[in-house]
Amino acid sequence: MRLLADLHTHTVASGHAYSTVTELAWAAADKGLELIAVTDHGPTVPQGAHPWHFWNFKVVPSVLNGVRILKGCEANVQADTDNGIDLADELLELLDFVAVGFHPLTGFDDRDSARNTEALLRVIENPLVDQITHPGNGHDFPIDVDAVVAAAVRNRVILELNNHSFEPSSSRALSNDFERGFAAAARDAGALIAIGSDAHYALHVGRFDMAAAVAAELGIAEDRLLNRDANSVLDFLLSKRERPRLDVGGVWTWPTGRSVNAEGGA
Ligand SMILES: [Zn+2]
Ligand SMILES: [Zn+2]
């Protein structure tokens, strides 16, 4: 399976991640990726980025070292904001890519499936939302799988198969059976699916091996995955709505000799 786009990466702006946008772009270029979405955490998760972080994303190049950089977010499902998300619609509209998910300590830790489902359906029905991150985390955030998958299909929202969730050290490791079941339901319903690395360090950008193995095991072929290449991602995003800042920031190449290879050497 050769996947050339990573729709889930974090920078130092997420507090508990350890690379910059530039380092993510170096690593992505060295691994032959065509596109990454930079998706730092929304403000309500501990250490989450302030809304200004997302607003000022326009200063970052749109293409860096040949890699398309989508300026995105991994916002949080919220119970008490106007749009049910911890970033306002006016801000989401400016982003190239909008991902939303459940995270600990953001108001949904009571494992209430009915409440979680209602909140997540509201998010999926928001036309500004492109992807739900790790929706298969049923151990921590149980949901009505069939209702969520059906809503995602209706609203053309991507359901992520998260590579990091399958690492034994992941905080979501207890959900691996749920993740498999969720992916199978998404497959059967014909939902849009993407594998994301959820990299919190540059060398993990484009790591899809564990989730790709699960996809293969479930008979989800490469051509079913939206992140197979940059064109698939960009065509999809532009078919949903305009992305006013997609090319703001310009095309840049970092001076030579500053590249980091995929094995970690300089
Ligand atoms: Zn997440
Ligand atoms: Zn993440």
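As a reminder, the structure under discussion sits directly above these lines.
These figures come from a predicted structure and were not determined experimentally. (Residues numbered from 1 in each chain as written. Chains lettered and ligands numbered in written order. Predicted model: local features only at pLDDT ≥ 70, side-chain atom pairs only at ≥ 80, totals over all residues. Heavy atoms only, no water.)

Colleague: Can you lay out the pairing of strand β7 (residues 158-162) for me, pointing to particular residues and giving the numbers?
Modeller: Each regular strand shows side chains that alternate between the opposite faces of the sheet. The element β7 is extensively covered by neighbouring structure, given that five of its five residues are classed as buried. Of the two faces of β7, the one holding Ile-158, Glu-160 and Asn-162 and the one holding Leu-159 and Leu-161 are both buried throughout. Pairing between strand β6 (residues 131-132) and β7: two bridges, direction parallel. Within β7, the residue paired with Ile-132 across the bridge is Leu-159. Following the backbone out of β6, through helix α5 (residues 145-155) and into the adjacent parallel β7, one traces a crossover that is right-handed. One ladder, built from four bridges, connects β7 with strand β8 (residues 193-196); its direction is parallel. Residue pairing for β8: Glu-160 is matched across the bridge by Ala-194. (Buried < 20%, exposed > 50% of the residue type's maximum accessible area, 1.4 Å probe, protein only. Helix = DSSP H or I, 4+ residues; strand = E, 2+ residues; numbered from the N terminus. Pairing = 2+ DSSP bridges. Right-handed = clockwise from strand over helix to strand, strands pointing away.)

Colleague: Requested: an account of the side chain of Arg-241, with residues and values cited.
Modeller: Tracing the sequence through the fold places Arg-241 in the loop between α8 (230-240) and β9 (251-252). Within the buried set, Arg-241 has no salt-bridge partner at all; the shortest N-O distance to an opposite charge, 4.7 Å, is to Asp-130. Within the local environment of Arg-241, its side chain forms a polar contact with the backbone oxygen of Leu-92, the two atoms lying 3.2 Å apart. In terms of polar contacts, Arg-241 uses its side chain to reach the backbone carbonyl oxygen of Leu-95, at 3.2 Å. Setting aside residues no more than four positions away along its own chain, Arg-241 makes contact with Leu-92, Glu-93, Leu-95, Val-98, Pro-127 and Leu-128. (Lys, Arg positive; Asp, Glu negative; His and termini not counted. Salt bridge = Lys/Arg side-chain N within 4 Å of Asp/Glu carboxyl O. Polar contact = N/O pair within 3.5 Å; in protein donor to acceptor, adjacent residues only side chain to side chain. Contact = heavy atoms within 4.5 Å.)

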